[in-house]
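Examination of the molecular architecture
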Amino acid sequence: MNNLMKYIFLLFLTFLPFISISANKPHVINLSKNMYRADNKNWSIAQDEKGIMYFGNDIGLLEFDGVEWKLNRIPNSLIARSVAVLSHQTIFTGSYEEFGRWDRDISGKLVYNSLSDQLDKALFKNDDFWKIWIAEDCVYFQSFSSIYMYDYKTVKHVPFNGGFLLLSKVRNEFLVQQMFGALYRLKGTTLTKIEGSEIFTNNDVRVILPYSTDKYLIGTSTKGMYIYDGKTFKQWNSAISSTLSSAELNCGILSSKGVYFFGTILDGIYQVDEYGNILDHLSTINTLQNNTVLSLYEDNIGNVWAALDKGISYIQHIENMDCYIDKGGKTGAVYGGALWNDKLFVATNQGVFYIAAEDLRKPEALANMKLINGTQGQVWTLKVVNGKLYCCHNKGLKLINSNLSVSDVFDIHTGVYNIMQAKYKEKDLLFLSTYQSLKIVDPATNKVYVPKQISEPIINADIDHIGNIWLEHANRGIYRCKLGDDLSGFETFSYYGGSNKDGFPYKMKMFKVGGRVVLLGNNEFYTYDDISNKIVSNTILNDCFKNVKNLKQIVHIRGNLFWALTDASIYKFSYDGYEASILESYNLGMNLSLVNAYENVSILNDSLSLVCLDNGFMIYNKEHVVKKDLQNKLPLPYLRMLGTTNGYGDYEYKNLAQLAKISLSTPCNIY
């Protein structure tokens, strides 16, 4: 479970300009029963002030602290249908003919105490307690036949002639439907009928949520959605009503972002805006492991948990990123991308796929991606040069035409990794990094030049401010070369790294800052000093990234802005040759990873970047960057329990809640 600690609770963490920021597409992490070590079915979710998550499971109360899962069994091995949290110290659960409270003892363990034992259980024979809500001075426990109020001393029955469906809390009010009847407000132990709510007779109300500042959004399982303004009930958005009715609405929440999440019995989760427009749809077709959603909960950092008929799903919204994960492996690993002619083109190990830019807003966007015939195979790079879309392919350099036909261009006769346009000796040239060597193309004449001295696989090429040609070997080292005027050969060249025994890393990457080439290898940055003609340490960048490990690649965005990539994180930073500063950081989290050894971000335009993943891609939009102080939202670390043993093996727990100072006998061991 250690990986979950890194990727779920410690994430310190949109898109094309015409997409709403609230539509930011999430990454979904599916947790199976083998991971949390309990039963498949989960009924309810809650969280305490320390960030601990609780799940009502078929075989008890699950507790997850971000590192470990712990199962707390209810007496008689009952199902935990409902769960509510008063604090880290006190949790409430509801079960079959049973409800009670859990209190944490000095060892940090939850201990169960029945509250329903105070009552005659014949009153709720064969009843499950489906909902628990905590009010200002009491706790409500609701079954289909009754509601009980616990005032932390005694348990009282709420008198009513009839049964109930599901008790809901909206703002500071409690509302409940009489079984297949009207709606009622609950205050204390008094139920008051809501006039006009007889329209729900013979329907079952599954969801009551806040709408606007003082209205209510009411959802039935199969008869649509309604807005209640305090006086009248009106149908809400017929399209979403029809969709949710067909899928059988079961649960819902209003998130802190102002977006509704609706869980269904038949078709997963719908993410909906305040007008009823579907922003996203999560199901087994794209991300979820199961379509039957029994409960939804937003945690204290704005991500959503789903309790499913089979497993638990964690819906992680990575700020400023939209996630497009290829669950079925249709597109394969992604190596690059380009925006061209209102379409997004994606380079993969299976070919070039494309999608209309406007289709990226659709709930199941990846299903709309199509393979361009003639591009099948490994594609390394897509680049727009002078309005033309070039495809660097395992079989050479290809041109993707506006009608999506594909042409082979120039006589390359080998695979092409990359293409760079640059002016050299007053000529506009194309520099091709190929499997065999650097190749230079003059588009004006279609002539291909091959400098003969270095016949090695070159993965990247660039030109510095004094005309040096820099070549990054596909597997080892870097070349710095002087190109002859006729482009047919190198007048001189120097080699760094590889097996050169010059003290530099075996393999290095390169990027350019203000015309100067900077090298990266083994987590160290180097710069070429043209005055001393030496490669020297870049202390500014090394100091900036001193706490970042496993740096793999640097990608220039524009101006003084860059992406830095590790195996699991992405950093946006600024560097002008004099100062460097990390501006943003993103942990990819669980089940997301860059393509090993080919980590890349493609710059689509001044605002958009495409992060290449081995199972899809993410799109970053700088226009939608929302800087949040997540440290203020995340709970502070805490000491859950302290245990000591002395030299004689005597074990003792220390009461952290009561002792400001803890005295320890010596010698002792602390756990």
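Let us look at the structure shown here. (Residues numbered from 1 in each chain as written. Predicted model: local features only at pLDDT ≥ 70, side-chain atom pairs only at ≥ 80, totals over all residues. Heavy atoms only, no water.)

Considerations on empty space enclosed by the protein
Spelled out, the test is: The pocket and cavity definitions rest on a 1 Å grid over protein atoms only: a 1.4 Å probe that fits but cannot leave marks a cavity, an open set with protein on both sides within 12 Å along at least five of seven lines marks a pocket, and residues lining either have an atom within 4 Å of a point. Grid points are joined across faces, edges and corners, and a volume is the space filled by probe spheres set on the points.
Approximately 50 Å³ is the volume found for the second largest cavity. Around the second largest cavity sit 10 residues that line it, and Ser255, Lys257, Phe261, Gln271 and His317 are the ones nearest its centre.

Things to note about the sheet that holds strand β36 (residues 396-400)
What counts is decided by this rule: Criterion used throughout: strands pair if DSSP finds at least two bridges between them. Secondary structure elements follow DSSP: runs of H or I of four or more residues count as helices, runs of E of two or more count as strands, with numbering from the N terminus. Only C-alpha atoms enter the line fits that serve as axes; for helices the fit covers just the stretch in contact. Angles between N-to-C directions range over 0 to 180 degrees.
Strand order in the open sheet made by the four strands is β34-β35-β36-β37, with antiparallel pairing throughout. Two strands bound the open sheet, and with one partner strand each, they are β34 (379-385) and β37 (406-408). Here the average twist between neighbouring strands, direction ignored, is 30°. Pairing analysis gives six bridges linking β34 to strand β35 (residues 388-393), with the strands arranged antiparallel. Across the sheet, residue valine 385 finds its bridge partner in β35, namely lysine 388.

A look at the pattern of salt bridges
As a reminder of what qualifies: A pairing counts as a salt bridge when a side-chain nitrogen of Lys or Arg comes within 4 Å of a carboxyl oxygen of Asp or Glu. Per-residue accessibility, obtained with a 1.4 Å probe over protein chains only, is compared with the maximum for each type, and a residue is labelled buried under 20%, exposed over 50%, and partly exposed between these values.
One pass over the full model with this rule turns up 22 salt bridges. With a closest N to O distance of 2.8 Å, glutamate 198 and lysine 193 form a salt bridge. Look at glutamate 198 and you get partly exposed, because its relative accessible area is 35%. Close ionic contact of lysine 572 with glutamate 584 constitutes a salt bridge, the shortest N to O distance being 4.0 Å. Residue lysine 572 is located in strand β52 (residues 569-575), and its partner glutamate 584 is located in strand β53 (residues 580-587); the two are separated by 12 residues in the primary sequence.

Section: the pairing of strand β17 (residues 190-193)
As defined by bridge partners, strand β16 (residues 183-187) adjoins β17 across four bridges and the pair is classed as antiparallel. Of the residues in β17, the one forming a bridge with tyrosine 184 is lysine 193. Linking β16 to β17, which pair antiparallel, is a turn of two residues; within it glycine 188 sits at a positive phi near 65°.

Quick notes on helix α3 (residues 238-247)
To keep things clear, this is the line we draw: Arc, as used here, means the arc of the directions from the helix axis to the C-beta atoms. In this description, contact between two residues means that some pair of their heavy atoms is separated by no more than 4.5 Å. The definition of a polar contact used here is a pair of N or O atoms within 3.5 Å, where within protein one atom must be able to donate a hydrogen and the other to accept one, and adjacent residues in sequence count solely through side-chain atom pairs.
Listed in full, the buried residues belonging to α3 are Ile240, Ser241, Leu244, Ser245 and Ala247. Axial view of α3: buried residues confined to an arc of 165°, hence all on one face. Along α3, exposed side chains directed more than 90 degrees from the buried face belong to Ser238 and Ser246. Lining the buried residues of α3 we find β20 (225-228), β22 (249-254), β23 (260-264), β24 (269-272) and β25 (278-282). For α3, the side-chain oxygen to backbone nitrogen distance between the N-cap and alanine 239 is 3.1 Å, and the N-cap itself is asparagine 237.

A few points about the sheet that holds β22
The strands making up a sheet associate through hydrogen bonds between their backbones, and the pairing can be parallel or antiparallel. If you walk across this open sheet you meet the four strands as β22-β23-β24-β25, and the pairing is antiparallel. One side of each edge strand has no neighbouring strand; the edge strands of this open sheet are β22 and β25. The average angle at which neighbouring strand axes cross in this sheet is 20°, direction not considered. Running at roughly 165° to β24, α3 makes contact with β22, β23, β24 and β25 of the sheet.

Regarding the environment of tyrosine 140
Here tyrosine 140 is to be found in strand β11 (residues 139-143). Residues tyrosine 140 and glycine 188 lie 48 residues apart in sequence; the distance between their C-alpha atoms is 9.4 Å. With residues near it in sequence (within four places) discarded, tyrosine 140 still touches Lys131, Ile132, Trp133, Ala135, Ile147, Tyr148, Met149, Leu167, Phe174, Leu186, Lys187 and Gly188. A distance of 2.7 Å separates the side chain of tyrosine 140 from the backbone oxygen of glycine 188, its partner in a polar contact.

Quick look at unusual backbone geometry
Its identity is not glycine, yet arginine 37 carries a phi of approximately 60°, on the positive side. As for its placement among the helices and strands, arginine 37 is situated in the loop between α2 (33-36) and β2 (42-47). A positive phi angle is found at glutamate 97, which is not glycine, with a value near 55°. The residue glutamate 97 is located in the loop between β7 (90-95) and β8 (98-104) in this model.

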